[in-house]
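Results of the structural survey
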Amino acid sequence: QVQLVESGGGLVQAGGSLRLSCVASGSFFSINAMGWYRQAPGKARELVATFTMGGNIKYADSVKGRFTISRDNAKNAVYLQMNSLKPEDTAVYYCNADIVRLGPNDFWGPGTQVTVSS
């Protein structure tokens, strides 16, 4: 099996910062891409940022200029530096990985809560 574990969530006031981390472990050949998604209460999951092995990065318009995604391929890890946080950023943040393996290829972490107070 493949496991993704997120960390770094918490409660922060508006304008503050948090850094999320995600590490993939288990049985797989390699990882094509890793990224972050979020889901606010009563709303659908949305993409926050993704980072492919080829170096392609995508951000949601709502976080451009405030969030930065980075990767450490040797550690099978992805990070999300979140600055200038806003109350509307409040959500459960999920790590996602597109895995190269025989079997299921799309994996999710259990999520980490980010709450931004106004």
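Scroll up to find the structure this text is about.
Now for a quick tour of the structure. Here the structure is a predicted model, which is why all the values come from computation and not from measurement.

Some remarks on the pattern of salt bridges
- This structure, assessed with the given rule, holds four salt bridges.
- Among the ionic pairs, D61 bridges to K64, the shortest N-O distance being 3.0 Å.
- By relative accessible area, D61 is classed as exposed at 64%.
- For the salt bridge of D89 with R66, the shortest nitrogen-to-oxygen distance reads 2.7 Å. Linking D89 in the loop between β8 (77-82) and β9 (91-100) with R66 in the loop between β6 (57-59) and β7 (67-72), this pair joins segments that are 23 residues apart in sequence.
- Put simply, R38, E46, R66 and D89 are held in one network by salt bridges that share partners.

Digging into the nonpolar core
- Grouped together as the largest cluster of nonpolar side chains are 31 residues, with contacts concentrated most on M34, W36, L80, M82 and Y93.
- For this core, the secondary-structure elements that each account for two or more residues are β1 (2-7), β3 (18-26), β4 (30-39), β5 (46-52), β7, β8, β9 and β11 (112-117).
- Considering each element in turn, this core owes the most residues, five residues, to β9.

Examining the state of the cysteines
- Summed over the entire model, instances satisfying the criterion amount to one disulfide.
- Between C22 and C95 runs a disulfide, and the two sulfur atoms are separated by 2.0 Å. In this structure, the disulfide formed by C22 and C95 twists by about -80 degrees around the S-S bond and is classed as left-handed. Here C22 is found in strand β3, whereas its partner C95 is found in strand β9, with 73 residues between them in sequence.
- Accessibility expressed as a relative area gives 0% for C95, which makes it buried.

Some remarks on the side chain of D89
- Taking relative accessible area as the criterion, D89 reaches 0% and is therefore assigned buried.
- Within the local environment of D89, its side chain forms a polar contact with the side chain of R66, the two groups lying 2.7 Å apart.
- Other than its neighbours up to four places away in sequence, D89 contacts R38, R66, F67, S84, V114 and V116.

Some thoughts on the sheet that holds β1
- In spatial order, the strands read β1-β3-β8-β7; together these four strands make up an open sheet with antiparallel pairing. Edge positions in the sheet fall to β1 and β7, since each of these pairs with one other strand and no more. The mean inter-strand angle of the sheet, taken between neighbouring strand axes irrespective of direction, is 15 degrees.
- Examined bridge by bridge, β3 and β8 share six bridges and lie antiparallel to one another. In the strand pairing of β8, L18 is matched with M82.

Scoring rules and cut-offs
- Residues numbered from 1 in each chain as written.
- Predicted model: local features only at pLDDT ≥ 70, side-chain atom pairs only at ≥ 80, totals over all residues.
- Heavy atoms only, no water.
- Salt bridge = Lys/Arg side-chain N within 4 Å of Asp/Glu carboxyl O.
- Buried < 20%, exposed > 50% of the residue type's maximum accessible area, 1.4 Å probe, protein only.
- Helix = DSSP H or I, 4+ residues; strand = E, 2+ residues; numbered from the N terminus.
- Core = buried A, V, L, I, M, F, W, Y, C linked by side-chain atoms within 4.5 Å.
- Disulfide = S-S within 2.5 Å.
- Polar contact = N/O pair within 3.5 Å; in protein donor to acceptor, adjacent residues only side chain to side chain.
- Contact = heavy atoms within 4.5 Å.
- Pairing = 2+ DSSP bridges.
- Axes fitted to C-alpha atoms, helices over the stretch in contact; angles between N-to-C directions.

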